[in-house]
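This is what each chain is made of:
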Amino acid sequence: MCVPLAASCGDGKVDPGEACDDGNTVDTDACTAVCADAVCGDGIVQEGVEACDDGNGDDADDCSSMCALASCGDGVLQDGEACDDGNDDDTDDCLATCMVATCGDGAVHAGVEDCDDGNADDTDECPSTCLAAECGDGFVHAGVEACDDGNDVDTDACLSTCVAASCGDGVVQAGVEECDDDNDVNTDACAACKTAECGDGFVQAGAEQCDDGNVVGGDGCEADCTLACGNDCWGEAGCMTAGGRCIRFTCTPGNASATACDSCFGWQPISYDEWLNQGYCSDVTTKYRQVHNTETRCGQAPMCCSDPAACAGGDNAWHFHDGANNRYVGPCLGCQGDMNCTFWNGVDNGSYTRITACEKM
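If you're wondering where the values come from, they're calculated on a predicted model, not measured in any experiment. (Residues numbered from 1 in each chain as written. Predicted model: local features only at pLDDT ≥ 70, side-chain atom pairs only at ≥ 80, totals over all residues. Heavy atoms only, no water.)

With that settled, consider the overall build of the chain. Scanning the chain for helices and strands turns up 3 helices and 9 strands. The N-to-C order of helical and strand elements in the chain reads β-β-β-β-α-β-α-α-β-β-β-β. In terms of overall dimensions, the chain is more spread out than a globule: its C-alpha atoms have a radius of gyration of 53 Å, far above the 21 Å expected for 361 residues. Its C-alpha atoms give the chain principal-axis dimensions of about 185 × 40 × 30 Å. Looking at the 361 residues of the chain, the share that counts as buried comes to 36%. Long-range pairs, those at least 24 residues apart, make up 32% of the contacts in the chain between residues at least 6 apart in sequence. Looking at the chain as shown, the accessible area adds up to about 18300 Å², and 52% of this sits on carbon and sulfur atoms. (Helix = DSSP H or I, 4+ residues; strand = E, 2+ residues; numbered from the N terminus. Rg over C-alpha atoms; globule rule 2.2 N^0.38 Å. Buried < 20%, exposed > 50% of the residue type's maximum accessible area, 1.4 Å probe, protein only. Contact = heavy atoms within 4.5 Å. Areas by Shrake-Rupley, 256 points an atom, 1.4 Å probe, with all protein chains shown as cover.)

Looking now at a negative patch on the surface. Among the surface-exposed residues, D85, D88, D89, D90 and D93 lie close enough to one another that they form a single negatively charged patch. Along the chain, D93 turns up in the segment before β1 (190–191). (Patch = residues over 30% accessible without salt bridge, like charges linked within 9 Å, V, L, I, M, F, W, Y side chains within 5 Å. Salt bridge = Lys/Arg side-chain N within 4 Å of Asp/Glu carboxyl O. Lys, Arg positive; Asp, Glu negative; His and termini not counted. Charge placed at Lys NZ, Arg CZ, Asp CG, Glu CD.)

Right, let's talk about the pairing of strand β7 (residues 326–329) for a bit. When strand β6 (residues 318–321) meets β7, the two strands line up antiparallel, connected through 4 bridges. Note on β7: the bridge partner recorded for F320 is R327. Between β6 and β7, which follow one another and run antiparallel, lie 4 residues, and G323 among them has a positive phi close to 100°. Note: β7 against strand β8 (residues 345–347), 3 bridges, orientation antiparallel. Bridging from a neighbouring strand, Y328 pairs with G346 of β8. (Pairing = 2+ DSSP bridges.)

Using the criterion set out here, one finds 22 disulfides in the structure. Bridging C52 to C63, the disulfide has an S-S length of 1.9 Å. Here the disulfide of C52 and C63 is right-handed, its torsion about the S-S bond being about 95°. Here C52 is found in the segment before β1, whereas its partner C63 is found in the segment before β1, with 11 residues between them in sequence. The exposure class of C63 is buried, given its relative accessible area of 4%. (Disulfide = S-S within 2.5 Å.)

Here it is as C-alpha cells:
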C-alpha cells in the first residue's frame, strides 16, 4: 500500500500555506527557502534584482526602502549628506556632491553668484564674495586696479576709477592738494597742486617775472617776484638810469603809445608830461646814448620788441601820450650829442612805429 509523503517546502510543489516552491533551498532567487515570494524588505538580497535588503523600510540608512544602496543623488538624505535633491546639477542649492551650495565651492550658484573660482583670493577676477570683481567693491584687482577703497569719492586717496590719486589728475585730494587743474604745468594758477603764489619757486606766466622760491629782495628776484632792475634796456628786467629809474625800451605804433607798456609786458607808461617836465627826457636819453650812442631804433619794427636787433630802423623820435594824443618828441636820437627834448613835438596817431620808454611799476 502506498502512503503519501507529507507536504514540505522544497518539494517542488506549491502546497497550501506556500506562496511558491521552486524545489530548492536557495534564498537569493525569486522563491525563498521558506517558500515565500522574494520581496524587497524580506531581509534577503534577491540576486540580480536587489542591491541590498536590510529588512526595513528606513530610507536614511545604507539600504533604501527600494532595496537600493544609498548614494548621493538618489534623492534620499543619508547620514553624511547635507542635502540630496536627486540630481547632479551643480548650479542649484544642492551640489552633485550632496553638499549645500556655498560661495567658494567652485560651482556658480545660478541667480545667486556671479562667479565661483573655488578660492578665497580677493585679488583675482572673482573675489571671496562670488561677485565679479569691479571697481568699488573694496578689493584691489591685481594688474587691473591700483587701489579700491570701496567708495566712489574722488577727493580721497583712491579715485572712483580705482586709480591712485595724484597731482595732475584733475581732482582736488582733500587735505593734500589746494588745487588740481588736470595738467603738469607749473606756470599757471595751480603749481604742483598748490595755489600759485610769489615765493613758491614757479614763475606764474603773466603774473610774475621771476620766482626764486623765497620772498627776499636783493637777490635778483624781488620780494614781489619782479626781477631786480638789470643791465639790458630791452630785456625783461630793464636797466637802471643814473636818476634811479628802471626803464625798458620797446617799439610802439603812434596809435598805441598810451597802452603799449602795459600791454607789451606790464610796465608803467611814461607820460608826455613826465618826459618833458619831470626829468625823464634827459635821464632816459643819457642811458640810451650809453647803450646805442647815435644809432636809431624802431622805424617799421614790430610792437613789443624785446631785442635791439629786431627793433632796428631809421626813426629819430620818441613816442609818448599827452592825455589826448600820441606825441612824437625829441631828442633827435641820430644827432650827435643832441639833448633837445622838443626837437620834434608833433602829434602822431598813425601806425608808424617809434621808440618808447617804459618804467618798472
